[in-house]
Amino acid sequence: MTKRNHCGVFLSVFLYIIVCLGEDYDLDDRPGLGRSFDGIGGLSGGGATSRLLVNYAEPYRSQILDYLFKPKFGASLQILKVEIGGDAQTTDGTEPSHMHYEDDENYFRGYEWWLMREAKKRNPNITLIGLPWAFPGWVGNGENWPYDFPDITVSYVVSWILGAKQYHDLDIDYVGIWNERKFDSKYIKLLRYTLNKSGLERVKIIASDNLWEPITSVVNNDKELQDAVEILGVHYPGTNTVPAALKTGKKLWSSEDYSTFNDNVGGGCWARILNQNYVNGKMTATISWNLVASYYEELPFGRDGLMTANEPWSGNYVAESPIWITAHTTQFTEPGWTYLQTVGHFAHGGSYVALTDGKGSLTIITETMTHDHSVCIRPPLLPYNVTAQNVTFHLKGTFASVSELQVWHSKFDFKTNKTVLFQNLKPIKVTKGSFSIELDVDEIYTFTTVTNGQRGSYPDPPPSAPFPKSYKDNFDVSEHTGGVFIAVRVNKGGGVVRSTRGIFFWVYADGTYKITNDLSGMTVLAEGQSGTRARVWYTLTLTVKGNYASADLNGYPLWKNAVLWEPRNGWAAIGTSSFELAQFDNFAIEALA
């Protein structure tokens, strides 16, 4: 980076006025190129974050998918990372495993297979990644830790990769390892060996999908592990890396990032880290948790997706600001492009990156996001200042002959709410290899030789609407051997479900029932004999009016007019008392007001 300051000083009768004309920045490929760009992506899972998307009716479901994956339309995502379901609560819900038991294989459970197929349909070159957040209990061979028996765990993960190809014609490009408790190099080495033995040499390993350490130190001191790991992937790095990670020579990815409410401050967070993950940390891919907020907003991390699609009953969805911030990079680059070495921070705040395809194409992305308008959920953001500034870029080397650049602009306006997102402006002329631009605060620009960017659009979806007062569903799971509940006014879900309150009507296979004011069963409103037993169908009816609740079993009252005060509203829910199997059918809700 080369920058030069041009300031003029004018003498007045009363005072000196200093006029600063701006700073100069060179973009030059002659010193050599930087690291290869690997893409921008989204993460479905960790967990159940795309659950409501599959329930959208057409054409709205396809429109949402186009905003996410269709090239030159919306976010144009280049990476899709999905959860390898593990039959366990992993944040906002549970995703089913392809192997509930050791002798059970089913590669059609859940919706991640469908989502990967839809992404590939729109972008055949999209990178696919699988990562397990949790495992069925049998994988641990009786222990509460899946990596104590790495041969079992490796076989389980590899079977998912093979199933993706056999049943869905999906080539998984990377598999991740997420391990918060301890680092296990034996598992990684065995996974690499088994992938190779299974004809999956092309599938690369990302480790450890957590922090820079201890993976970095171990890789630097273990040649076999270094050969096994392709990517050092970290979560929420705050745009920074560590010297030891750079020393490994490995590609560095922010393999989970963002996780921030997708309003305009969230869009500012995303804009800042997409540039600065490379400028500060030399990370060549950034993956958003999550891909699309297709889960109820009241669940943990509500609306922390690149866009929002959580009303399949109405068809309403919103292409939020992070969609268009993503487009500033993805519509004008491709994985395999290369960053220039001449990238960095502006003198008065903000940052710029530049990438090339090595054939003369050039894309420059600038951001001037202020601190309070770009705070991410994590980690804490240290204070810094950004002011309006004039910058002049000097294109050198291969780019010296560029005469014109396309311009795309976004401006977050937090004062008058006149935010502009991904607007195509008049091309800018490059004179003798240089062009100047006035950069205000909270702006994103793309200057590019790529001419086919597009702000895709569809007619407005249906308006937002509350969940219908009348709802029915038919579904089956396996047999009832323990206890089940129906509930209303449930006030929590996802990762905080253990502290949920509501009105829960339980019946058990031992012939008893219980009414509780919480999922944990600490506050009991009523209990007694129900006569219920396993392998028999029962009709449960729960009625709540104001402060009073009643319940019927097969049309006969078990209890009535129990007094309750909280919660006053919430979800309806069904579930089991533990991990037993149960069947549910003909679920219906009728709201009276």
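If you're wondering where the values come from, they're calculated on a predicted model, not measured in any experiment. (Residues numbered from 1 in each chain as written. Predicted model: local features only at pLDDT ≥ 70, side-chain atom pairs only at ≥ 80, totals over all residues. Heavy atoms only, no water.)

1. Side note on the overall build of the chain
Which entries qualify depends on this criterion: Secondary structure follows DSSP: runs of H or I at least 4 residues long count as helices, runs of E at least 2 residues long count as strands, and numbering of each begins at the N terminus. Put simply, the radius of gyration uses C-alpha atoms, and a globule should come to 2.2 Å times the residue count raised to 0.38. Any two residues whose heavy atoms approach within 4.5 Å at even a single point are treated as in contact. Here the Shrake-Rupley method, with its probe set to 1.4 Å, supplies the accessible areas, and only the displayed protein chains count as covering residues. Charged residues are defined here as Lys and Arg on the positive side and Asp and Glu on the negative side; His and the ends of the chain fall outside this count. The atoms used to mark charge sites are NZ of Lys, CZ of Arg, CG of Asp and CD of Glu.
Check the secondary structure of the chain and you find 9 helices and 34 strands. The globule rule puts the C-alpha radius of gyration for 593 residues at 25 Å, and the 27 Å found for the chain is close to it. The principal-axis extents of the C-alpha atoms in the chain amount to approximately 95 × 60 × 40 Å. Restricting to contacts in the chain with at least 6 residues of sequence separation, those with at least 24 account for 68%. Carbon and sulfur atoms form 52% of the exposed surface of the chain, whose accessible area is close to 26000 Å². Measuring between centres, the 52 positive side-chain charges of the chain sit 3 Å from its 63 negative side-chain charges.

2. A closer look at helix H2 (residues 112–122)
Heads up, the condition is: Throughout, exposure labels follow a simple rule: accessible area from a 1.4 Å probe, protein chains only, divided by the maximum for the residue type, with under 20% read as buried, over 50% as exposed, and the rest as partly exposed.
Counting buried residues in H2 gives 8 out of 11 residues, a clear majority hidden from the surface. Among the residues of H2, those classed as buried are Glu112, Trp113, Trp114, Leu115, Met116, Glu118, Ala119 and Arg122.

3. Re the confidence of the model for the chain
Applicable threshold: Note on scores: pLDDT gives the predictor's confidence for each residue, bounded by 0 and 100.
Across the chain, the average pLDDT comes to 93, with 94% of residues at or above 70. Throughout residues 1–21 the model reports pLDDT below 50, and contacts reaching past four residues in sequence, or to other chains, amount to 38 contacts.

4. A word on the sheet that holds strand S31 (residues 548–553)
Whenever strands of a sheet pair, they do so through backbone hydrogen bonds, lying parallel or antiparallel. Basically, it comes down to this: Being paired, for any two strands, means DSSP has found at least two bridges between them. For helices, the fitted axis covers only the stretch in contact; all axes are lines through C-alpha atoms, and the angles between them, taken along N-to-C directions, range from 0 to 180 degrees.
Read across the sheet, 3 strands follow the order S30-S31-S32 without closing on themselves; strand pairing throughout is antiparallel. The two strands at the open ends of the sheet, each matched to only one other strand, are strand S30 (540–545) and strand S32 (556–563). Ignoring strand direction, the axes of neighbouring strands in this sheet form an average angle of 15°.

5. A look at a nonpolar patch on the surface
Using the following cut-off: Nonpolar side chains (Val, Leu, Ile, Met, Phe, Trp, Tyr) are joined into patches within 5 Å and like charges within 9 Å, using only residues with over 30% relative accessible area and no salt bridge. Here a salt bridge means any side-chain nitrogen of Lys or Arg lying within 4 Å of a carboxyl oxygen belonging to Asp or Glu.
Residues Tyr548, Val563 and Trp565 make up a contiguous nonpolar surface patch of roughly 360 Å² in combined accessible area. Mapped onto the secondary structure, Tyr548 falls in strand S31.

6. Here we look at the packing of helix H3 (residues 150–168) against helix H4 (residues 185–197)
The following threshold applies: When describing relative orientation, an angle under 35 degrees is termed roughly parallel and one over 145 degrees roughly antiparallel, while 65 to 115 degrees is termed roughly perpendicular and anything else oblique. Helix crossings are classified by the rotation of the near helix relative to the far one: an anticlockwise turn of less than a right angle makes the crossing left-handed, while a clockwise turn makes it right-handed. Ten residue types, Ala, Val, Leu, Ile, Met, Phe, Trp, Tyr, Cys and Pro, are classed as nonpolar, four, Asp, Glu, Lys and Arg, as charged, and the remainder, Gly among them, as polar.
Where H3 contacts H4, the two axes come as close as 9 Å, and the packing angle between them is 45°. Regarding the angle of H3 to H4, the classification is oblique. The two elements H3 and H4 cross, and the hand of that crossing is right-handed. Taken together, the residues of H4 that come into contact with H3 (itself represented by Pro150, Asp151, Thr153, Val154, Val157, Val158 and Ile161) are Lys186, Tyr187, Leu190, Leu191, Thr194 and Leu195. Taken together, the residues of the contact of H3 with H4 break down into 9 nonpolar, 2 polar and 2 charged.

7. With respect to the pattern of salt bridges
Considering all chains together, one arrives at 18 salt bridges under this definition. Across the pair Glu404 and Lys429 runs a salt bridge whose closest N-O atoms are separated by 2.7 Å. Here Glu404 is found in strand S21 (residues 404–411), whereas its partner Lys429 is found in strand S22 (residues 420–429), with 25 residues between them in sequence. Looking at Glu404, the relative accessible area reads 31%, which means it is partly exposed. Among the salt bridges present, the one from Lys411 reaches Asp440, with a minimum N-O distance of 3.2 Å. Residue Lys411 is located in strand S21, and its partner Asp440 is located in the loop between strand S23 (434–439) and strand S24 (443–448); the two are separated by 29 residues in the primary sequence.

8. Observations regarding the pairing of strand S26 (residues 483–490)
Most of S26 is tucked away: 7 of the 8 residues are buried. As defined by bridge partners, S26 adjoins strand S27 (residues 501–508) across 6 bridges and the pair is classed as antiparallel. Pairing of Val488 across the sheet is with Ile503, part of S27. Alignment of S26 against strand S33 (residues 571–576), held across 5 bridges, turns out to be antiparallel. Each bridged residue has a counterpart across the sheet, and for Ile486 the counterpart in S33 is Ile574.

9. Considerations on the state of the cysteines
Convention followed: What counts as a disulfide here is a pair of cysteine sulfur atoms lying within 2.5 Å.
Scanning all chains against the criterion turns up 1 disulfide. Here Cys269 is linked by a disulfide to Cys376, with a sulfur-sulfur distance of 2.0 Å. Of note, the bridge from Cys269 to Cys376 carries an S-S torsion of about 105° and is right-handed in sense. A residue pair is termed long-range when its members are at least 10 positions apart, and Cys269 in helix H8 (residues 264–279) and Cys376 in the loop between strand S19 (362–367) and strand S20 (389–396) qualify at 107 residues. Summarising the burial analysis for this pair, Cys269 and Cys376 share the class buried.

10. Remarks on the packing of H8 against helix H9 (residues 321–330)
It is at 8 Å that the axes of H8 and H9 come closest, and there the two elements cross at 20°. Comparing their axes, H9 and H8 come out roughly parallel. Crossing geometry of H8 relative to H9 is assigned as right-handed. Taken together, the residues of H9 that come into contact with H8 (itself represented by Asn264, Gly267, Trp270, Ala271 and Leu274) are Ser321, Pro322, Ile325 and Thr326. Taken together, the residues that form the contact of H8 with H9 break down as 5 nonpolar, 4 polar and no charged.

11. Focus: the side chain of Thr532
The following threshold applies: Within 3.5 Å is the distance limit for a polar contact, defined as a pair of N or O atoms, with the added protein rule that one can donate a hydrogen and the other accept it, and that residues adjacent in sequence qualify only through two side-chain atoms.
Within the fold, Thr532 resides in the loop between strand S29 (524–529) and S30. Given a relative accessible area of 2%, Thr532 falls into the buried group. Side chain to side chain, Thr532 and Ser530 meet in a polar contact 2.7 Å long. When residues no more than four places from it in sequence are discounted, the contact partners of Thr532 are Val507, Tyr508, Ala509, Asp510, Gly511, Thr512, Tyr538 and Leu553.

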